[in-house]
Amino acid sequence: AQKVTQAQTEISVVEKEDVTLDCVYETRDTTYYLFWYKQPPSGELVFLIRRNSFDEQNEISGRYSWNFQKSTSSFNFTITASQVVDSAVYFCALSATNQGGKLIFGQGTELSVKP
Amino acid sequence: DAGVTQSPTHLIKTRGQHVTLRCSPISGHKSVSWYQQVLGQGPQFIFQYYEKEERGRGNFPDRFSARQFPNYSSELNVNALLLGDSALYLCASSSPPPNTEAFFGQGTRLTVV
């Protein structure tokens, strides 16, 4: 069975703080893909990153960075120097290669950044 | 370029009625997927269509059906609506091969009363 767990339901930080959102996944597949999406109050899911299971290099994009560790089945997301505009619900998702494009989402973490 | 567009944005239906939701993918994308997102939860996969054929189905009852048209747009149909069908319905489009990033529309908020 495949599963994504985001244990943090809600996180509240003050602007300029760094924050890490945790994601733990379960899959028996050797080839799979991991994603992060942002969902602002408008409802649309905004794609942030895709990582395949063979690429464990960490990635940085501006204030965003991702730490992928197969040994602990984790794909954590860090926002550096958070801003009020980062307030949203963030979802981690898993896709197995034998299931086409089906995404399995975690429960989401609601991030609130206060001024 | 236009993103994924869904219509309508909001809808109120009565129990037992039928509803049709529509989705237009990004130009050039041939795969469309549907997800149901109940308040406070992550999206749940309903269907995937690629080249007008069903390529995947989630754990949803037969009241849910979908189809994809020659222009790659798609419809999601739900019959005999239940209160529990109230949710945000999201459509995503992606270009082949599978597992490329899926781009989502703004969703249709369905309320069943």
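Below or above, wherever it landed, is the structure these notes cover. (Residues numbered from 1 in each chain as written. Chains lettered and ligands numbered in written order. Predicted model: local features only at pLDDT ≥ 70, side-chain atom pairs only at ≥ 80, totals over all residues. Heavy atoms only, no water.)

1. A look at the interface of chain B and chain A
Taken together, the contact between chain B and chain A spans 18 residues of the former and 21 residues of the latter. Summed over both sides, the interface between chain B and chain A buries roughly 1,600 Å², with carbon and sulfur atoms accounting for 54% of that surface. The interface formed by chain B and chain A contains one salt bridge. Notably, a salt bridge pairs B:Glu101 with A:Arg50, separated by 3.7 Å at the nearest N-O pair. Taken together, the links from chain B to chain A amount to three residue pairs in polar contact (both at pLDDT 80 or more). If you list the elements that add at least two residues to the side of chain B that touches chain A, you get β4 (31–37), β5 (44–50) and β9 (87–94) of chain B. For the side of chain B that touches chain A, the residue count by class is eight nonpolar, nine polar and one charged. (Contact = heavy atoms within 4.5 Å. Buried area = accessible area lost by both parts, 1.4 Å probe. Salt bridge = Lys/Arg side-chain N within 4 Å of Asp/Glu carboxyl O. Polar contact = N/O pair within 3.5 Å; in protein donor to acceptor, adjacent residues only side chain to side chain. Helix = DSSP H or I, 4+ residues; strand = E, 2+ residues; numbered from the N terminus. Nonpolar A, V, L, I, M, F, W, Y, C, P; charged D, E, K, R; others polar.)

2. Considerations on the pattern of salt bridges
Scanning the entire structure with this criterion turns up ten salt bridges over all chains. The salt bridge partner of B:Glu54 is B:Arg57, with a shortest N-O separation of 3.4 Å. Residue B:Glu54 is classed as partly exposed on the basis of its relative accessible area, which comes to 36%. Overall, the relative accessible area of 40% leaves B:Arg57 in the partly exposed class. Through salt bridges with shared partners, a single network forms among A:Arg51, A:Asp55 and A:Glu59. (Buried < 20%, exposed > 50% of the residue type's maximum accessible area, 1.4 Å probe, protein only.)

Any functional reading would require information beyond the geometric quantities listed.
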